[in-house]
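# Commentary on secondary and tertiary structure
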Amino acid sequence: MTRVVITGMGAMTPIGHDVKSFWKNLLAGVSGAGPLTLFDPGDMPYNIACEVKDFDPQDYMDRKVARRITRATQFAIAVTKQALADANLTIDETNRDMIGVLMATGGGGINEIEYATEDMVAKSWRSVGPFVVPAAMANAVSCMVSIETGARGPVMTSTAACASGHYSIIEGYHFLQRGEADVVIAGGAEAAVSMLTMSAFGRMGPLSSRTDDPVHACRPFSVDRDGFVCGEGACALILETEEHAIARGATIYGEVLGGRITGDAYHITAPDPDGDGAARALRGALQSAKLQTDDIDFVFAHGTGTSLNDAGEAKALKNVFGDHVQEMKITSIKSMVGHALGAAGAQSAVAAVMALREGKVPPTINYTPDPEIDIPIVGNKMIEAEGRHAIVNAFGFGGQNVVAVFGKA
């Protein structure tokens, strides 16, 4: 079987505009949460988020390109160019047909539709610009990465809600296994912090009500958790066949060992309270990676901070790993970067690769143990721990469960 390795990474997050700063601040327990600045919330009570501050798309692309695409696509291009530079990989006529792009998103350019609609209602249909559709379409995050980099291999956009960014990594793994590409740019991008999405989430109920204390609002697995904080950003990973990476002398950061995707068939927004779909994804991922339960050292949990999600994920982990769950190091970085929806899984994947590489596990900040969730959370402070294997969980609306397994280089 073809081995799939990771040779480059890029990050644009609320706590760092590259992998180095993102990782440093994760280990330090820095929160990216604060009052909304991307729009004026007015009297809307849901007025906090984890925003990417001081992002200038012209650092990564031409001004004309930046103006014609949405913020999520700008993020996707930025992290891709970071990751390619990190991998020391140049795309040219000799390799472009075997380099694929699988960038994911949950909402794509949903904000563009919101803004265009506001303009149209306030003015007329003539105010709607010609670039609304190509900017708003979800597959722009992958297609624009392809256009900007020249990659002409398989181009696909996964939209699996909050599991999207992780789904792209597993699909990239499969493309490489099938020999359809030598290299895949995989990851997730999201910029859905807007009046429409925040209002909808707020009315639905999963957002934290601690708007007076944003830094401490998101509390995954804690007894006093009350919801997630919306986030945004992007991460990208360069996946290659081991043979291709070695042939070009690439630095190998880690390995994608396998993964599994399952469905709950339960509810359009709520997770299965028994964690059955998540448990099946965990078991399938271990089978795919040819590992046993006691081979797993780290878990980068989905851990949104909502009551239902955290409880169901904890049940799934205990059901699958049994007594070994107490030996694992479990954490949720959403406590610091918020829930970036379609980018969340990719953010956790980068963190997992760094944890295996450096022997350090970032904390779940704002943590107070919940006696009903009897799993060992890395709470409040990072720990040093050597590990060989890590799993990353990503669970999305509609009951989409994705689990990927990563190995140390």
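Please refer to the structure placed before this passage.
A brief look at the structure comes next. This one's a predicted model, so the numbers in the text were calculated from it and none came from an experiment. (Residues numbered from 1 in each chain as written. Predicted model: local features only at pLDDT ≥ 70, side-chain atom pairs only at ≥ 80, totals over all residues. Heavy atoms only, no water.)

### Quick notes on the environment of Ala163
- Tracing the backbone shows Ala163 in the loop between strand 5 (155-158) and helix 7 (164-177).
- C-alpha of Ala163 to C-alpha of Gly396: the two residues are 233 residues apart in sequence and 4.8 Å apart in space.
- In contact with Ala163, other than residues within four places in its own chain, are Ala394, Phe395, Gly396, Gln400 and Val402. (Helix = DSSP H or I, 4+ residues; strand = E, 2+ residues; numbered from the N terminus. Contact = heavy atoms within 4.5 Å.)

### Brief notes about the pattern of salt bridges
- Here the structure, examined in full by the defined rule, presents 15 salt bridges.
- We note a salt bridge from Arg178 to Glu180, for which the minimum N-O separation is 2.7 Å.
- On the basis of relative accessibility, which here comes to 36%, the residue Glu180 falls in the partly exposed class.
- Put simply, Arg3, Glu242 and Glu255 are held in one network by salt bridges that share partners. (Salt bridge = Lys/Arg side-chain N within 4 Å of Asp/Glu carboxyl O. Buried < 20%, exposed > 50% of the residue type's maximum accessible area, 1.4 Å probe, protein only.)

### Section: the packing of aromatic side chains
- Tallying each qualifying case throughout the model produces four aromatic pairs.
- Measuring from centroid to centroid gives 6.4 Å for Phe55 and Tyr60, while their planes differ by 20°, and the two rings are stacked.
- For Phe55, a relative accessible area of 12% translates into the label buried. (Phe/Tyr/Trp six-rings, centres within 6.5 Å; stacked < 30°, edge-to-face > 60°.)

### Section: helix 10 (residues 276-289)
- Across its 14 residues, helix 10 extends 20 Å between first and last C-alpha, which sits within 8% of the 20 Å expected from 1.5 Å per residue.
- Helix 10 sits mainly inside the fold: 10 of its 14 residues count as buried.
- All buried positions along helix 10 are accounted for by Gly277, Ala278, Ala279, Ala281, Leu282, Gly284, Ala285, Leu286, Ser288 and Ala289.
- Elements in contact with the buried residues of helix 10: strand 8 (254-263), helix 11 (307-321), strand 13 (389-396) and strand 14 (400-408).
- Lys290 sits one or two positions beyond helix 10 and adopts a positive phi of about 60°. (Expected span 1.5 Å × (residues − 1).)

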